[in-house]
Amino acid sequence: MKYFKLIVSLVLTIGIFYALNTKLGSIPPIGKFLNPYSGVWQNETDETTSGKIQIPDLKEEVTVHYDEQLIPHVFAKNDLDLYRAQGYLTAKHRLWQMEFQTYASAGRLSEIIGEAALNYDRQERRRGMGYGAEQTVKKMSQDQETMAIVEAYAAGVNSYINQLDPKDYPVEYKLLDYKPEAWTPKKTALLLMYMTKMLAGGDEDIENTNALRLFGKERFDLLFPDFFDVTDPIIPKETDWSFIDAPQTPHPDSEILIDSISENIDRPDPNYGSNNWAVSGEKSYSGHPILANDPHLGLNLPSIWYVMQLSTPNHNAFGATIPGALAVISGFNQHIAWGETNATRDVIDWYKIEFNEDRTKYKFDDEWKDVTVRVEDIKIKGKPSFKDSVLYTHHGPVVFDKNFKSEEELAGYAMQWTGYIPGNGQKTFLKLNKAKNYDDYVDALSHWVAPAQNFVFASTEGDIALWIQGLFPNKWEGQGKFVMDGSKSENDWQSFIPQQFNAHTKNPERGFVSSANQHPVDEAYPYFVYNDGYETYRNRVINDFFNSKETFSIQDFKDLHNNNYNLKAAELMPYMLEHMDTSNFSKEEKKIYDMAKKWQYNNDMDEVGPSIWSTWWKELYTTLWDEFEVDSTALMSPYTYQSIYLLKHKGDDAFMDIVDTPKKENAEDLFRISFSKAVEELTARKKEHGNLKWVNYKGTFVGHLLQALPAFSRFDIPIGGGKNIVNATSENWGPSWRMIVEMTSPPTALGIYPGGQSGNPGSKYYDNFIDDWAKGEYHSLNFLQNNQKTDAIIGTQILVPHE
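Residues numbered from 1 in each chain as written. Predicted model: local features only at pLDDT ≥ 70, side-chain atom pairs only at ≥ 80, totals over all residues. Heavy atoms only, no water.

**So, the overall build of the protein chain**
Within the protein chain, the regular secondary structure consists of 22 helices and 28 strands. Against the globule reference of 28 Å for 803 residues, the protein chain gives a C-alpha radius of gyration of 27 Å, in line with a compact fold. When the accessible area of the protein chain is evaluated, it comes to approximately 29,900 Å², of which 47% is carbon and sulfur surface. Taking the 79 positively charged and 112 negatively charged side chains of the protein chain as two groups, their mean positions are separated by 5 Å. (Helix = DSSP H or I, 4+ residues; strand = E, 2+ residues; numbered from the N terminus. Rg over C-alpha atoms; globule rule 2.2 N^0.38 Å. Areas by Shrake-Rupley, 256 points an atom, 1.4 Å probe, with all protein chains shown as cover. Lys, Arg positive; Asp, Glu negative; His and termini not counted. Charge placed at Lys NZ, Arg CZ, Asp CG, Glu CD.)

Written out as structure tokens, the structure is:
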């Protein structure tokens, strides 16, 4: 019994941060938790899939067919009933997960965890998460149709909550001793803000400013170039941009602000990425376009995704939804298919703010503008509330000031972010779910502001396309690399790139489109695109694959999803093996060296080579960039690709020298030094674990959102792959939803994700997809064309209006 396994651990501190490993909190209420009438034992039931359920304000009956994967196929007669049903069903299977994410987004974890979460909550409030969500609600409210649907979804969630007795609360509520609160449109907006932070919440302005101060402009440009020497962009290089007639913002004459900044706020994992691609009918074995998507995100239980079919007489959509948000996010309907990867564009800029004596005003163009004060009342479980006064300028919130991570009395650092710009991202997905062709797809994307995404597209009409979509500031060359002077209007965002000039391609001559978080365009694109360390390996493997032959099958798509070729290692490891001094090897070093030479650069499960490479590269990278280990200074070491370029082409550069040794080292010295360190680590590891197989070294796991609940997690999952590999499975992040759609009429699709449909750890549907996912297998997605039961259906529920 899963619940019995964790009783011993209940006396330990519960660690809670969504996607964080920080330990927080207090001892849970064990008595309530173990109560036989209302505690954990009441949760150990399978989900019901039949019968009638009364839903308040439902206009007409809604039929819900469940298939053997517990995927609900929802058939409603109108949109409001459809999304009311989506809210109800999502809450039924994922209530705690969807609500917990909104607490994390809003900076409210202290309410359920206690004082240990206060700094996290302050950070998220100062990041402006609640403010951004409020802007989203205002924008949605201007669209009566969208708002009515969002409110219907919220009402559906609340219908489920109101049916619950405390004994029926999901187990996590019992562990933490709190109860669900009413769902609102703001909670949906907070969920969208959480995704925006996860996918577009990263920046390096502060770290770059420190690096510029320490190393100078010439050396900075060497380490952080705008383009790498190899560019295989999302939009093909041969694209003609002559149709663009809106000029780039001209560069002002202002000087770069050189500041010393000690730390930054937490940023999302930079490894979050994704793959997507589509081939035209001409390159498809069947003559129909084929599309694939696999977002690389944290591997969590309950899963990030919840799969549904959502149908009315006017549209029929199927795919992965995000609990808390409306409609299908990555999926297909009867006419089109779509999917997303992260565009990782630079949409956050930092400004140094100068205040007057009482900090009620800030300087702007030689005048003083009023500061807006937002008082954040942070409730703390078991203690009085904490009030944090966050100052706002026209740029955005002043994240750092004398009250938070800064000692400057009359200065602060304000953050400008497209996440604060009112957007109606829900409308994008509501429209995609109904779209019938390329024009409908483009119209749907026009409502998307943030996070910037690469939206791939295929249709039964035979079109394929890819748009890099978001609201992008039209920056002057270099704008946003460094902290800017907030007192000068010339440093503000002057305009935005017009929607029609966002980079895109339709039916390219090469017969395929693809994205893997690489540089969106080459140097010919007439707007500034900051290089924030774009992917340079997965994209080349994918594009080389589609350039390798004339036609592709479904099996080819599966093979590519599960491709373990390590191009990064293949481009450096042979060079290191050839140029490293091997004359004084120990017995263990010779043994590891010989094993490394035999490796064919595939990160397959039983290979030892990936373990050698991973350990060696970690030691080499750390040794190379010792110059970036500076106390009380926020710094980010150079990107992987440029690091490898310098090691191979500038091996005698001063950066190769180890700061703390009297000798002047070069790249070959670093290869030898780091290899010895790696062999020591590998030898110790083999002694402890018995072998160096990659599957054991990597130790992939899918962890429960409450990180201190191992009984609710899955460990030691047998799967290969790794960072910068198409099969990007690492320790606890990777392909979170694999989908392949062939554009037959109607489309035929496969899908899989590392989890299960239920959020209840006691359910057989909680993690039942993980084994098939790890094997690289897929499930057929039962795309029902009408409300009739088929052999795949295991049960039917009818949602009926409340009498």
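**Here we look at the environment of L567**
Along the chain, the position of L567 falls in helix α16 (residues 567-579). For the pair L567 and V541, spaced 26 residues apart in sequence, the C-alpha to C-alpha distance is 7.4 Å. Excluding its chain neighbours within four sequence positions, the residues that come into contact with L567 are Y537, R540 and V541. (Contact = heavy atoms within 4.5 Å.)

**Points about the environment of T231**
Take T231: it is sitting in the loop between α11 (217-223) and β4 (273-279). Here the alpha-carbon distance between T231 and H519, two residues 288 residues apart in the chain, equals 7.2 Å. The contact partners of T231, leaving out residues within four places of it in the chain, are K237, H519 and V521. Within the structure, the side chain of T231 is placed 3.4 Å from the backbone oxygen of F228, a separation counted as a polar contact. (Polar contact = N/O pair within 3.5 Å; in protein donor to acceptor, adjacent residues only side chain to side chain.)

**With respect to the pattern of salt bridges**
It is possible for side chains bearing opposite charge to pair when their charged atoms get close. Evaluated as defined, the whole model comprises 40 salt bridges. K405 is paired through a salt bridge with E263; the nearest N and O atoms lie 3.8 Å apart. A residue pair is termed long-range when its members are at least 10 positions apart, and K405 in the loop between β16 (398-400) and β17 (411-417) and E263 in the loop between α11 and β4 qualify at 142 residues. Here E408 and K352 are joined by a salt bridge, their closest N and O atoms 3.7 Å apart. Taken together, the residues E408 in the loop between β16 and β17 and K352 in strand β11 (residues 348-354) connect sequence positions 56 residues apart. For K352, a relative accessible area of 21% translates into the label partly exposed. Each of the salt bridges in this network shares a partner with another, and the network as a whole consists of E99, R108, E111, E181 and K187. (Salt bridge = Lys/Arg side-chain N within 4 Å of Asp/Glu carboxyl O. Buried < 20%, exposed > 50% of the residue type's maximum accessible area, 1.4 Å probe, protein only.)

**Regarding the packing of helix α18 (residues 609-624) against helix α20 (residues 667-689)**
It is at 8 Å that the axes of α18 and α20 come closest, and there the two elements cross at 130 degrees. With respect to their mutual orientation, α18 and α20 come out oblique. At the point where α18 passes α20, the crossing takes the right-handed sense. Across from S611, I612, T615, W616, K618, E619, L620, T623 and L624 in α18, the residues of α20 making contact are L670, F671, S674, F675, K677, A678, E681 and L682. By residue class, the composition of the contact of α18 with α20 is 9 nonpolar, 4 polar and 4 charged. (Axes fitted to C-alpha atoms, helices over the stretch in contact; angles between N-to-C directions. Parallel < 35°, antiparallel > 145°, perpendicular 65-115°, else oblique. Left-handed = near helix turned anticlockwise from the far one by under 90°. Nonpolar A, V, L, I, M, F, W, Y, C, P; charged D, E, K, R; others polar.)

**A look at the sheet that holds β16**
As summarised here, the arrangement of the 4 strands in space is β16-β17-β11-β20, forming an open sheet in which the pairing is mixed. Among the strands making up the open sheet, the edge pair consists of β16 and β20 (484-485). For β11 and β17, the ladder comprises 7 bridges, and the chain directions are antiparallel. In the sheet register, Y351 faces β17, and the bridge partner there is A414. (Pairing = 2+ DSSP bridges.)

**A closer look at helix α5 (residues 118-127)**
Extensive coverage of α5 is indicated by the burial of 9 of its 10 residues. Where α5 is concerned, the buried positions are L118, Y120, D121, R122, Q123, E124, R125, R126 and R127. One or two steps after α5, the chain reaches G128, where phi turns positive at roughly 85 degrees.

**Topic: the sheet that holds strand β18 (residues 453-459)**
Within the open sheet, the 11 strands sit side by side as β1-β28-β2-β3-β7-β8-β9-β10-β18-β19-β21. Their pairing is mixed. Looking along the sheet, the strands with just one partner apiece sit at the ends: β1 (51-55) and β21 (504-506). Going from strand to strand, the sheet's axes swing by 20 degrees on average, the running direction of each strand aside. In the packing of helix α3 (residues 79-106) onto the sheet, contacts are made with β1, β2 (62-67), β3 (72-75), β7 (306-312), β8 (315-321) and β28 (793-801), and the angle to β7 comes to roughly 160 degrees. On the sheet, helix α13 (residues 438-445) packs against β18, β19 (464-469) and β21 and is oriented at approximately 10 degrees with respect to β19.

**Quick look at the packing of aromatic side chains**
Using the criterion set out here, one finds 50 aromatic pairs in the structure. Where W277 meets F557, the ring centres are 6.0 Å apart and the plane angle is 70 degrees; that geometry is what we call edge-to-face. You can see W277 sitting in strand β4 and its partner F557 sitting in helix α15 (residues 554-561), a full 280 residues away along the chain. In terms of burial, W277 and F557 fall into one category: buried. Of the aromatic side chains, those joined through ring pairs into one cluster are W277, F512, F545, F546, F552 and F557. Stacked on the ring of Y438, the Lys or Arg K506 has its end atom at 4.3 Å from the ring centre. (Phe/Tyr/Trp six-rings, centres within 6.5 Å; stacked < 30°, edge-to-face > 60°. Lys NZ or Arg CZ within 6 Å of the ring centre and 35° of its normal.)

**Some words on a negative patch on the surface**
On the surface, a cluster of negative charge is made up of D253, D365, D366, E367 and E490. Among the secondary structure elements, E367 is positioned in strand β13 (residues 367-370). (Patch = residues over 30% accessible without salt bridge, like charges linked within 9 Å, V, L, I, M, F, W, Y side chains within 5 Å.)

**Section: the environment of S254**
When you line up the elements, S254 lands in the loop between α11 and β4. Each C-alpha atom of the pair S254 and V399 lies 24 Å from the other, and the pair is 145 residues apart in sequence. Here S254 is in contact with K488, E490 and N491, once residues within four sequence places are set aside. A distance of 3.3 Å separates polar atoms of two side chains, one belonging to S254 and the other to N491.

By themselves, these are just geometric observations and shouldn't be taken as functional.
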